[in-house]
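Structural description and commentary
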Amino acid sequence: MSATSTVPARLVRTSRRSQLLVALRAPSAVVGVVLTGLVVLLALAGLVGLTPYDPARQDVAAALQGPSATHWFGTDQFGRDLFSRVCAGLANSLRIAVVSVGVAGVIGVLLGVFAGYFQGLLDRVVGVVTNVLFAFPSLLLALALAATLERSWVTVSLAIATVYMPIFARVARGPVLSLRSVDYVTASTAIGRSRLSTLFAHVVPNMRGILVVQTTLSLSWAILTEASLSFLGFGTPPPAASLGGMVYDSQTLSTVAPWMLAFPGAALVVFVVGLNLVGDSLRTALDPRSRGAR
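Notes on the structure follow. What you see is a predicted model, and the numbers here were worked out from it, not measured in a lab.

**Structural notes on helix 8 (residues 195-203)**
For helix 8, the full list of buried residues reads Thr198, Leu199, His202 and Val203. Down the axis of helix 8, the buried side of the element spans an arc of 110°, and every buried residue falls inside it.

**Here we look at the nonpolar core**
Val86, Leu90, Val113, Ile160, Val203, Met207 and Ile223 are the most contacted members of the largest nonpolar core, which has 51 residues in total. Per-element tally for this core: the top contributor is helix 3 (residues 82-118), with 13 residues. In this structure Val113 touches Ala172, Val176, Leu199, Val204 and Met207, once residues within four positions along its chain are discounted.

**Here's the deal with empty space enclosed by the protein**
Scanning the model with the defined rule gives 1 cavity of 30 Å³ or more in all. In this structure, the largest cavity spans a volume of roughly 60 Å³. What lines the largest cavity is simply Asp76, Gln77, Arg80, Leu82, Arg85, Met246, Asp249 and Met260. Mapped onto the lining of the largest cavity, the elements with two or more residues apiece are helix 3 and helix 10 (243-249). Among the residues forming the lining of the largest cavity, the class breakdown is 3 nonpolar, 1 polar and 4 charged.

**A short note on the layout of surface pockets**
Its volume calculated, the second largest pocket comes out at about 270 Å³. Along its surface, the second largest pocket is lined by 21 residues, and Thr236, Pro238, Ala240, Gly245 and Asp249 are the ones closest to its centre. Looking at the lining of the second largest pocket, the elements with two or more residues in it are helix 9 (208-231) and helix 10. Here the lining of the second largest pocket gets 4 residues from one element, more than from any other, and that element is helix 10.

**Here we look at a nonpolar patch on the surface**
Together, Val99, Val103, Val106, Ile107, Leu110, Leu111, Phe118, Leu122, Leu196 and Phe200 make up a nonpolar patch on the protein surface, roughly 750 Å² of accessible area in all. Contributing elements (two or more residues each) for the nonpolar patch: helix 3 and helix 8. A per-element tally of the nonpolar patch places helix 3 first, with 7 residues. For Leu122, the location among the structural elements is in helix 4 (residues 120-134).

**Some details on the packing of aromatic side chains**
Enumeration according to the criterion identifies 8 aromatic pairs in this entry. Summarising the aromatic geometry, the rings of Phe73 and Phe83 are spaced 5.1 Å apart at their centres and angled 85° between planes, so their arrangement reads as edge-to-face. Within this pair, whereas Phe73 is found in the loop between helix 2 (27-48) and helix 3, its partner Phe83 is found in helix 3, the two being separated by 10 residues in sequence. Ring plane angle 45° and centroid distance 6.0 Å describe the contact between Phe114 and Phe118, whose orientation is recorded as tilted. Placement of both Phe114 and Phe118 in helix 3 is noted, with a separation of 4 residues, approximately one turn of the helix. Judged by relative accessible area, Phe118 falls into the partly exposed class, the value being 31%. An aromatic cluster of at least three residues, connected via ring pairs, comprises Trp72, Phe73, Phe83 and Phe263. Positioned over the ring face of Trp153 is Arg95, at 4.4 Å from the centre of the ring. Against the face of Tyr117 rests Arg180, its NZ or CZ located 6.0 Å from the ring centre.

Parameters and conventions
Residues numbered from 1 in each chain as written. Predicted model: local features only at pLDDT ≥ 70, side-chain atom pairs only at ≥ 80, totals over all residues. Heavy atoms only, no water. Buried < 20%, exposed > 50% of the residue type's maximum accessible area, 1.4 Å probe, protein only. Helix = DSSP H or I, 4+ residues; strand = E, 2+ residues; numbered from the N terminus. Arc of directions from axis to C-beta. Core = buried A, V, L, I, M, F, W, Y, C linked by side-chain atoms within 4.5 Å. Contact = heavy atoms within 4.5 Å. 1 Å grid on protein atoms, 1.4 Å probe; cavity = no way out; pocket = protein on both sides within 12 Å on 5 of 7 lines; lining within 4 Å. Points joined across faces, edges and corners; volume = space filled by probe spheres on them. Nonpolar A, V, L, I, M, F, W, Y, C, P; charged D, E, K, R; others polar. Patch = residues over 30% accessible without salt bridge, like charges linked within 9 Å, V, L, I, M, F, W, Y side chains within 5 Å. Areas by Shrake-Rupley, 256 points an atom, 1.4 Å probe, with all protein chains shown as cover. Salt bridge = Lys/Arg side-chain N within 4 Å of Asp/Glu carboxyl O. Phe/Tyr/Trp six-rings, centres within 6.5 Å; stacked < 30°, edge-to-face > 60°. Lys NZ or Arg CZ within 6 Å of the ring centre and 35° of its normal.

These results come straight from atomic positions and should not be treated as a statement about function.
Put into structure tokens, the structure is as follows:
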């Protein structure tokens, strides 16, 4: 009986692995991986301090210089090296996105899995909480949460995590409702295994594909939300670099120093597009409905 209950999960893992390899060979997936990898390398350079200049160091004598061999992306109105600041801004965006999506994913998936599997009062409570959070526009809710707390990257991360937590809860709850009644899950509980053990041994592993896709797409949404909050003045406070903040600062100087707008905006677009291409490829490989439509 134990062997029978584990065969479906093993077959699903093998099938999904082959589908994933095929999807990653698609041109869009290759482009997405290359773009995402390039941006992550720049973000890591900014995170560990491998940039050519200190992102916060000002040099008024070098203010508003165009791209050159000395300053690859030019300088801003305070003479700060724009390439170093873009790398630091990418590092800040990546850190906030990973932390916020990680927190939202863990809490949201646990709530959704428990609500869908055990149902009853817990399912009703989780449903009410997610419906209340879904009633507010995501950016407006994140803005309200960020505005009520002290400005820091931790505050921004928690605000974004609160916004995306109900999404993970809904995404996790749906598959559990169908998986809880399949034969090998029923057989697992029939031989005496606890419901909690069955949940994590046979139900959750079969949701990996859906959760991977949702995590990838949520990372791109979180980066856009963080940039929007920074643009509106509720993101990471200066002098820390932020892509949204740099785009805001460049508004009045866009005709004099267009590179101040072009490079932070391009970095943000490349990061989001790369993650979306990877996420779409994963969804095509792991979602049967997407494969059928294609």
